[in-house]
Amino acid sequence: MNRASKIAAGSLLIFALIGSGGVSAASIGKTSLRGGDNQILTSVTTEAGTGALGSENGGKLTALFRSPAGLTALPDGTLLVSDTRNHLIRSIKDNLVATYAGMLYQLDDTGFPVGGLLDGKKDRSVFQGPMGLAADAAGNVYVADSANNAIRKIGAGGTVSTLAGSGLLGSKDGAAKEATFHHPSAVAVAADGTVYVADTLNHMIRSISPSGQVSTLNSASSRVVEVTPGQVVAAGDYQDGDLKAARFNEPTGLVLDQQGNLVVSDSGNQRIRYIDLKQGKVTTLAGGGFAASGGSAVYDKHELYVAGDYADGDALQARFHFPMGIAVTEEGGVVIADSQNHAVRYLLDGRVYTLAGAPDLTTGEEDGTERGARLNRPAAVAVSADGSIYVADSYNNKVRKISPYRLPADLPANDQVKVVLDSAVMAFDAQPEIVNGRTMVPVRAITEALGFKVTFDDATSSVQLTKDGTTVELYVGKTGIKRLVAGKDAQAKPTDVEPYIRQDRTYVPVRFFAEEIGLDVQWNDENRTVILRQRTDVKL
C-alpha cells in the first residue's frame, strides 16, 4: 500500500469504524465451555439488520443500517446503536428497531443522508457521524459526535445538548463550549460525572469535568510523517509511563473498568493500553509490534501506524490489526473489536482469545460457531447482563450477537457418553461407546437428523452417507474415510480407528465422520459429552 493509500485507509477507518462499550455482570471466559485447543465456545447470530443499506425501522431482522459504529447496553435491556452514516442513534428492544435520537432531514447527490449539528428535542436533533456511546446511572447518554468534533448529551428527559466542543477542529482545552476536538470517537462516563473522550485525530485522551472544563490528560505527539515527497502530516506516537508524558496513536476505544481506570484501544499502535488515573501511569495491557525495518523502534520514518498482525496467546505477544471499540466484563476481561482482522477478541488474565471470526481472517456475514462465523470490519462491542456480546458489524450494516455456548439444560447427569447436536441432546437406541480413546456412535441417528441418507453396501462392507450430491464413505473393519463428489476424483483420508457392527448398529468414530460432513466437534470431559455444532463456513 502506498503512503497516500494509507492516509485514505486511516481516514476511512476514522469516519466509519469506531465505537465503545460498557460493563457487564456476566462471565464469558471463566465459566464458558472450552474446546480442545482452549478455544472459548460461542455462537454468532444476527441480532439486527439485513445487510442492505438504509434507515428503515421495524422488526429487527428487517431493519436497515448504514455502517453502525457505536454501541451501549442500557439497564432496561435496550441496546443503543450509533448508526454512523445515517447520523442517527437507533435503539433495539423487544425485537424492534427504532430511532432513539436524531432525524433524517436531507439527502446528498448520491442519496446518502446529510448530517449536521442541532440541539433540542431528541426527535428533532441532528448529529453528524456519531460513533462511541456511553450511559450514566441517571439515564443520560453521551455521544462522540465525531464529524461535528463535539460531545453530545441525550438527557434522560429527551433533550439533546452539546456538552463540549465548538464544532471546529482543534485541541483547545478550557470551558466546554469553547474547547475543540478532532474527530472524537469514544466516550466513557465516571460515577462522579466526569466524561472521558478518545480524541482520535488529536491522539489524546481528554476529560470533561462535571463543571464543564475540558482538559488533556496525556502529552501531544510531535511526530510528523512524510507521506509523499514534500508533504508531511501530524502522526501519533507511543510511550508508556507517566500519564502526562504518555503518547497514543489514534485512540478509538475507551471504557472505564471496575476500579475507575481507563482501558484504551490504541488503534494506530495496535495495542490495548491502561491508564491508572490515581497513579497517573500508562501501561500496555496487550498487543505490540515494531517498525518494519526491525529493531526496537516502534516506527520507521514514513510509517503512520505500527503494522497490524494477528496472534492469540500471551497478552504482550498477541497481535491486533486496528483494534477499535472495547467493553469490560465483570470478571475483568476486555472485549475488543479487532476491526481489520474481522474478529472479536477477548483479553482475560493476561491472555488473548478469539471469540468470533474466521481463522484465515476473511470477511463475510455468515452466522455460526465462533471460528465458523464471518464479520466485516467490526467497529464496536457491548456486553449485556446475560453475558451476550453485541457487535457493530460495520461493513455488513448489521448488529451481531455472540453468545457463550451452553450445554442443554436437560443433559443427563450420569457417566454415560452423551452426544449433543447444537442445543439438543441426541437420543440413541444403542449407547455410544469409547474405544481406544475414540468415541464411537451409532451412525444412523446423527446423520438422519442432519438430513443424510444412510446406506450399507454388503459387498464392500461400507457405509455411505449422502446429501446434496456428496457421499462420505466409511468401511466396517477397516480404517480410512472417502469423500465422493460427482464429477470429481475421490478424496481418501486416513483414520486411526475402524467402524464396527454391534447390536445390529453400525458404530463409527464420531470425530472423523462428523468433521467430514461439516460439523464442529468438541469433547466436554466433565460431562462426558460430545458436542456437535453445525458450521456455516463448511459446505459439502
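Residues numbered from 1 in each chain as written. Predicted model: local features only at pLDDT ≥ 70, side-chain atom pairs only at ≥ 80, totals over all residues. Heavy atoms only, no water.

The chain has the name Stalk domain-containing protein in an unreviewed UniProt entry, where Paenibacillus gyeongsangnamensis is given as its organism.

Novice: Please explain the environment of Ala427 as it appears in this structure.
Specialist: With respect to the element layout, Ala427 can be found in the loop between strand 35 (424-425) and strand 36 (433-435). Taking the C-alpha atoms as reference, Ala427 lies 7.6 Å from Ala445; in sequence the two are 18 residues apart. (Helix = DSSP H or I, 4+ residues; strand = E, 2+ residues; numbered from the N terminus.)

Novice: Got a minute to help me understand the sheet that holds strand 45 (residues 519-524) in this structure?
Specialist: Within a sheet, adjacent strands bond to each other through the backbone by hydrogen bonds, running parallel or antiparallel. Read from one edge to the other, the open sheet built from four strands follows the order 35-34-46-45, with strand pairing classed as mixed. Among the strands making up the open sheet, the edge pair consists of strand 35 and strand 45. In this structure, strand 34 (residues 418-421) lies alongside strand 46 (residues 529-534), joined through four bridges in parallel fashion. Within strand 46, the residue paired with Val420 across the bridge is Ile531. (Pairing = 2+ DSSP bridges.)

Novice: So what exactly am I meant to see when it comes to the UniProt feature "repeat: NHL" (unreviewed entry) in the chain here?
Specialist: Following the UniProt record, one finds the feature "repeat: NHL" (unreviewed entry) at residues 127-157 and 375-405. Its end C-alpha atoms 19 Å apart, residues 375-405 is made of 0% helix and 58% strand. (UniProt positions renumbered as here; feature names shortened; annotations may be inferred.)

Novice: Can you walk me through the packing of aromatic side chains in this structure?
Specialist: Think of a pair of aromatic rings as described by two things: how far the centres are apart, and how the planes are tilted against each other in angle. Per the stated rule, a full pass over the model turns up two aromatic pairs. Measuring from centroid to centroid gives 5.6 Å for Tyr305 and Phe322, while their planes differ by 80 degrees, and the two rings are edge-to-face. With Tyr305 in the loop between strand 24 (281-287) and strand 25 (313-314) and Phe322 in the loop between strand 25 and strand 26 (323-329), this residue pair connects regions lying 17 residues apart in the sequence. Across the pair, exposure class does not vary: Tyr305 and Phe322 are buried alike. Taking the ring centre of Phe248 as reference, the NZ or CZ of Arg273 above it sits at 4.6 Å. (Phe/Tyr/Trp six-rings, centres within 6.5 Å; stacked < 30°, edge-to-face > 60°. Buried < 20%, exposed > 50% of the residue type's maximum accessible area, 1.4 Å probe, protein only. Lys NZ or Arg CZ within 6 Å of the ring centre and 35° of its normal.)

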